[in-house]
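Survey of secondary and tertiary structure
Below, each chain spelled out in residue letters.
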Amino acid sequence: MRIFLCFLCSLMYFFSQAQAKSEFMGAIKLNDTSFITYTIHFTEKEGVIDGHSITDVGGPHETKSMISGFFNDKENRITFKEQGIVYTKSEVNTDDFCFVNFKGKLRKLNGKGEIKGDFKGLYSDGQECISGQILMTDMKKIDKKAKKLDRKIDRSIFVKKEIKEQINMVKLVDSLKTTFISKDETLNFFSKDKKVTIVLYDAGQEDGDKINLKIDSKIVLRNYVVTKEKKKIEIILDKPQTTLELEALNIGKVSPNTVFLEIEDSKNNYKALTNLKEKEKAKITLLKK
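Predicted, not measured: the structure shown is a model, and the values here were computed from it. (Residues numbered from 1 in each chain as written. Predicted model: local features only at pLDDT ≥ 70, side-chain atom pairs only at ≥ 80, totals over all residues. Heavy atoms only, no water.)

Looking at the overall build of the protein chain
Tallying secondary structure elements over the protein chain gives four helices and 18 strands in all. Taken along the three principal axes of its C-alpha coordinates, the protein chain extends 60 × 60 × 60 Å. Within the protein chain, buried positions represent 40% of all 289 residues. Contacts spanning at least 24 positions in sequence make up 58% of the contacts within the protein chain whose residues lie at least 6 apart. Across the protein chain, 52 positive and 42 negative side-chain charges occur, with their mean positions spaced 5 Å apart. (Helix = DSSP H or I, 4+ residues; strand = E, 2+ residues; numbered from the N terminus. Buried < 20%, exposed > 50% of the residue type's maximum accessible area, 1.4 Å probe, protein only. Contact = heavy atoms within 4.5 Å. Lys, Arg positive; Asp, Glu negative; His and termini not counted. Charge placed at Lys NZ, Arg CZ, Asp CG, Glu CD.)

Comments concerning the nonpolar core
Counting 31 residues, the largest nonpolar core has Ile198, Leu200, Ile235, Ile263, Ile284 and Leu286 as its most contacted members. Sequence-distant contacts of Ile263, that is, excluding residues within four places in its chain, are made with Leu187, Phe189, Val196, Thr197, Ile198, Asn268, Asn269, Tyr270, Ile284 and Leu286. (Core = buried A, V, L, I, M, F, W, Y, C linked by side-chain atoms within 4.5 Å.)

So, the sheet that holds strand β17 (residues 269-275)
Across the sheet, which stays open at both edges, the five strands sit in the order β9-β17-β16-β11-β14 with mixed pairing between neighbours. Every interior strand has two partners, whereas the edge strands, β9 (180-182) and β14 (231-236), have only one. Each neighbouring strand pair of the sheet contributes to a mean axis angle of 25°, computed without reference to strand direction. Relative to β17, strand β16 (residues 260-264) runs antiparallel, the two sharing five bridges. When the bridges of β17 are listed, Ile263 appears paired with Tyr270. (Pairing = 2+ DSSP bridges. Axes fitted to C-alpha atoms, helices over the stretch in contact; angles between N-to-C directions.)

Digging into the confidence of the model for the protein chain
Model confidence for the protein chain is summarised by a mean pLDDT of 86, while 91% of its residues fall at 70 or above. Here residues 1-18 scores under 50 on pLDDT; set against residues more than four positions off or in separate chains, the count is three contacts. (pLDDT = per-residue confidence, 0-100.)

What to know about the packing of aromatic side chains
The full count for this structure, using the stated rule, is five aromatic pairs. Consider the rings of Phe24 and Phe42, whose centres lie 6.2 Å apart with planes at 0°: the pair is stacked. Taken as a pair, Phe24 in strand β1 (residues 20-29) and Phe42 in strand β2 (residues 35-45) lie far apart in primary sequence, 18 residues in all. A relative accessible area of 0% places Phe24 in the buried class. On the accessibility criterion, Phe42 (3% relative accessible area) is buried. The structure contains a cluster of three or more aromatic residues connected by ring pairs, namely Tyr87, Phe189 and Tyr270. (Phe/Tyr/Trp six-rings, centres within 6.5 Å; stacked < 30°, edge-to-face > 60°.)

Right, dumping it as structure tokens:
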């Protein structure tokens, strides 16, 4: 009995010290008609939060930034600030980026919470830029509602079968969690490391997608057939900028040409999915901080 009690106390201590992972999705509200999709992902331990935000999710200016801050469980308050860019699809001029500094309300980290409050936008030199409001809901709550809505649609006698087959709210929500690199888009990835690893593979159905991959205009993969087997390429960042260009050579059996890409350094593991037609190209620029 004594051994069991000791084990139980140890288990309770472990869970009390464990980091709580949270994910919220919603929007930045700039005025009554202007909204920008916004998500935050963080861990919380003893009131300290650490993680990242993504602005303009799925859009042409999608940007991932690191965040840090505090959560006060007793007062239902959360504060955080963005403090460095991991990647962006926007043109790169770090002096022009407006970083979110937020103070607002959050009831419990229990999968049902909502974040509401005002934010102040600041440039890297501390000058004010765009400000507004942030409204977000816990992703667990959003996922639960999406599943419930799918069940209602599936059971409805008023929705045609062909329409039911086209509607899937769970897949729609999941797609918002994936970064797509489309035709003529450039993803700018920042790293302090001397070495970055690129990983390519097919995470879905192998359908014969072929690509060319160039690094600084030099072909490193020619007529490469993408499979589930992961292809790793190490890149030494010995200059300020290194450019990768991925070209779709066909669309395989299932359109479009899709390749999962992972960019890894000592601090980040970023995942993206190309979405290209035949002969279309997408770029990734590795920028050394």
